[in-house]
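The lines below spell out each chain.
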Amino acid sequence: MSLGLGVIGCGSVFAGPYRGMITSLATAGRVRVSAVYDVDDRKRRGAAAHYGVDPELEGPGAVIAHPDVAAVLVLTSMNEHGPLTKAALEAGRHVLVEKPMATSLEEAADIVALSRTAPGLFVCAPHILLSPTFRTIHAAVRGGEVGRLLSGRARYGWAGPDWNEWFYQPGGGSLFDLGVYNVTSLCALFGPARRVTAMVGVAIPERTVNGRVVQVQAEDNAQVLLDFGESRFASVTTGFTMQKYRSPAIELYGSEGTIQLFGDDWAPEGWELWRNADASWRRYPESDPHWQWTEGLRHLVDCVESDRPTITRPEHAYHALEIMLAAQAAGHDGVARAIESDFPDPVYSAEWLGSEHDRYAHDRRSHDGL
């Protein structure tokens, strides 16, 4: 039976990427959209018309309580993520929430605790750990291909959104919107961070959003330094301050070699490996050029159907949030912060890897470049 979806937030994140993933899953008979809501009347009615559902639902609570909704997608502005995720979990729904899971550590802690006892599965963006390239790099690191990881660098940024003010208001900012990808990636590879310091600030104090000049209140430029213990460090460069770049998204420096991920960690374009023992670079092309950063939804549906636990863990998302909040604080007063939380190392089970192999084997597009 197809899984009934309730979508809360019908803006840009939903209208393009997630709607495409929903269409793919719906075509296969695996999901159907049962309810939608957005505070913007035009967006709500447009989404409702597209899926043939009620356009008059009175709020997010009506989506969560809808009798045909089994899984809730929280795709709203960031400050709303925490309360909506908590409400959906309490109602027994499966939940996918865009990043970050909440904007305060207290709220996130409540959600993580609730997710351990709630009947529904819980998936937090970003979903980068699911990409074939990332899990190949993760296996190479865990397999000792470059020796012991000692240092790393990651970056992701662009010129900044011009369609919604909340990106530049408290609860928004470049760390929550962009840096979260790099923080999540580096921690998955190095393990939990133990200390953070940063420089953050507003480099462009005024932005034009929907034709109106707004004052920027959340950071749009950040340099974050992560301490993973035993003098192992990594940095994150992020911001709404980058026009273009051609450097690797992630560079990992080990005692016996180097790994570079090309493209962005949320849109990988292959990777490169240097091993001292080989004294040469090996370039590995992207194995799935069509991999989407919305794959977390497919993963949630897979896990519901197969009754398997999710690979991505809410504790990992909590850890990333603690790091970002600590970076914001350190950027304001210059004092490094200790990081207290932990998370389990990602486990790619043989059963899941087998199902992924079968999926790619039956979809020639990923091999033929179509």
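Okay, so let's go over this structure. Owing to the predicted nature of the structure, the values given are computational and were not obtained by experimental measurement. Every chain's residues receive numbers from 1 upward, in the order its sequence appears when written. For a predicted model such as this one, the threshold for reporting local features is a pLDDT of at least 70, and the threshold for listing and counting side-chain atom pairs is 80 or more; totals across whole chains, interfaces and linings nevertheless cover every residue. Heavy atoms throughout the structure, all of them, feed into the side-chain values; hydrogens and water do not.

Let's talk about the overall build of the protein
No. 1: Helix and strand counts for the protein stand at 11 helices and 16 strands.
No. 2: The globule rule puts the C-alpha radius of gyration for 370 residues at 21 Å, and the 20 Å found for the protein is close to it.
No. 3: Along the three orthogonal principal directions, the C-alpha set of the protein runs to about 60 × 50 × 40 Å.
No. 4: The buried share of the protein, reckoned over its 370 residues, is 55%.
No. 5: Long-range contacts, defined as pairs at least 24 residues apart, comprise 70% of the intrachain contacts of the protein with a sequence gap of at least 6.
No. 6: Charged residues are defined narrowly, with Lys and Arg counted positive, Asp and Glu counted negative, and His plus the chain ends left uncounted. To locate a charge, take atom NZ for lysine, CZ for arginine, CG for aspartate or CD for glutamate. When the 33 basic and 46 acidic side-chain charges of the protein are each reduced to a single mean position, those positions are 3 Å apart. Each helix is a run of H or I in the DSSP string that is no shorter than four residues. Each strand is a run of E no shorter than two, and both are numbered from the N terminus. The quantity called the radius of gyration is restricted to C-alpha atoms. Its globule counterpart is 2.2 Å times the number of residues to the power 0.38. Buried, partly exposed and exposed residues are distinguished by accessible area as a fraction of the type maximum, computed with a 1.4 Å probe on protein chains only: under 20%, between the cut-offs, and over 50%, respectively. Pairs of residues are marked as contacts when any of their non-hydrogen atoms sit within 4.5 Å.

Quick look at unusual backbone geometry
No. 1: The peptide bond linking K99 to P100 adopts the cis configuration, its omega dihedral lying at -15 degrees.
No. 2: Following the sequence through the fold, P100 ends up in the loop between β4 (94–97) and α5 (105–115).
No. 3: Cis geometry is adopted by the peptide bond preceding P126, which originates at A125 and carries an omega value of 5 degrees.
No. 4: Relative to the assigned elements, P126 resides in the loop between β5 (122–124) and α6 (132–142).
No. 5: A positive phi angle, near 55 degrees, is found at E230, a position not held by glycine.
No. 6: In this structure, E230 sits in the loop between β10 (221–227) and β11 (233–239).

Quick word on the sheet that holds strand β15 (residues 280–284)
No. 1: Spatially, the nine strands line up as an open sheet ordered β15-β14-β13-β12-β6-β11-β10-β7-β16, and their pairing is mixed. In this open sheet, the two edge strands, each paired with only one partner strand, are β15 and β16 (337–338).
No. 2: Paired strands, as defined in this entry, are two strands with at least two bridges between them according to DSSP. Pairing between strand β13 (residues 257–264) and strand β14 (residues 267–275): seven bridges, direction antiparallel. Directly across from G257, in β14, lies its bridge partner R275.
No. 3: Where helix α7 (residues 174–190) meets the sheet, its contacts fall on β6 (149–157), β7 (195–201), β10, β11 and β12 (250–254), and the angle it forms with β11 comes to roughly 160 degrees. Axis definition: a line fit to C-alpha positions, over the contact stretch in the case of helices; interaxial angles, taken between N-to-C directions, run 0 to 180 degrees.

Overview of the packing of aromatic side chains
No. 1: In this analysis, rings of Phe, Tyr and Trp, with Trp reduced to its six-membered ring, are considered paired at centre separations within 6.5 Å, and the interplanar angle assigns stacked below 30 degrees, edge-to-face beyond 60, and tilted for intermediate values. Within the structure shown, the criterion is met by 13 aromatic pairs.
No. 2: With a centroid separation of 6.0 Å and an interplanar angle of 25 degrees, the aromatic rings of W158 and W163 are classed as stacked.
No. 3: Residue W163 is classed as partly exposed on the basis of its relative accessible area of 37%.
No. 4: Clustering of aromatic rings is evident, with ring pairs tying together W158, W163, W166 and F167.
No. 5: Two thresholds decide whether a charge sits over a ring: the Lys NZ or Arg CZ must be within 6 Å of the ring centre and within 35 degrees of the ring normal. Cation over ring: R283 sits above F262, and NZ or CZ is 3.9 Å from the ring centre.

Overview of helix α2 (residues 41–51)
No. 1: Along α2, the residues classified as buried are R44, A47 and A48. Down the axis of α2, the buried set is contained in an arc of 100 degrees. They therefore lie on one face. For α2, exposure combined with an orientation more than 90 degrees from the buried face picks out R42 and A49.
No. 2: Next to the buried residues of α2 lie α1 (12–27) and β2 (31–37).
No. 3: Near the N-terminus of α2, the side chain that reaches the backbone nitrogen of R42, with its oxygen 2.9 Å away, is that of D40.
No. 4: The positive-phi residue at the C-terminal boundary of α2 is G52, with phi of around 70 degrees. Within this analysis, the arc is defined by the directions that extend from the helix axis to the C-beta atoms. Polar contact is defined as a pair of N or O atoms within 3.5 Å, subject to the rule that within protein one atom must be able to donate a hydrogen and the other to accept it, and that residues adjacent in sequence are counted only when both atoms are side-chain atoms.

Remarks on the side chain of N182
No. 1: By the secondary structure assignment, N182 is in helix α7.
No. 2: A distance of 3.0 Å separates polar atoms of two side chains, one belonging to N182 and the other to D265.

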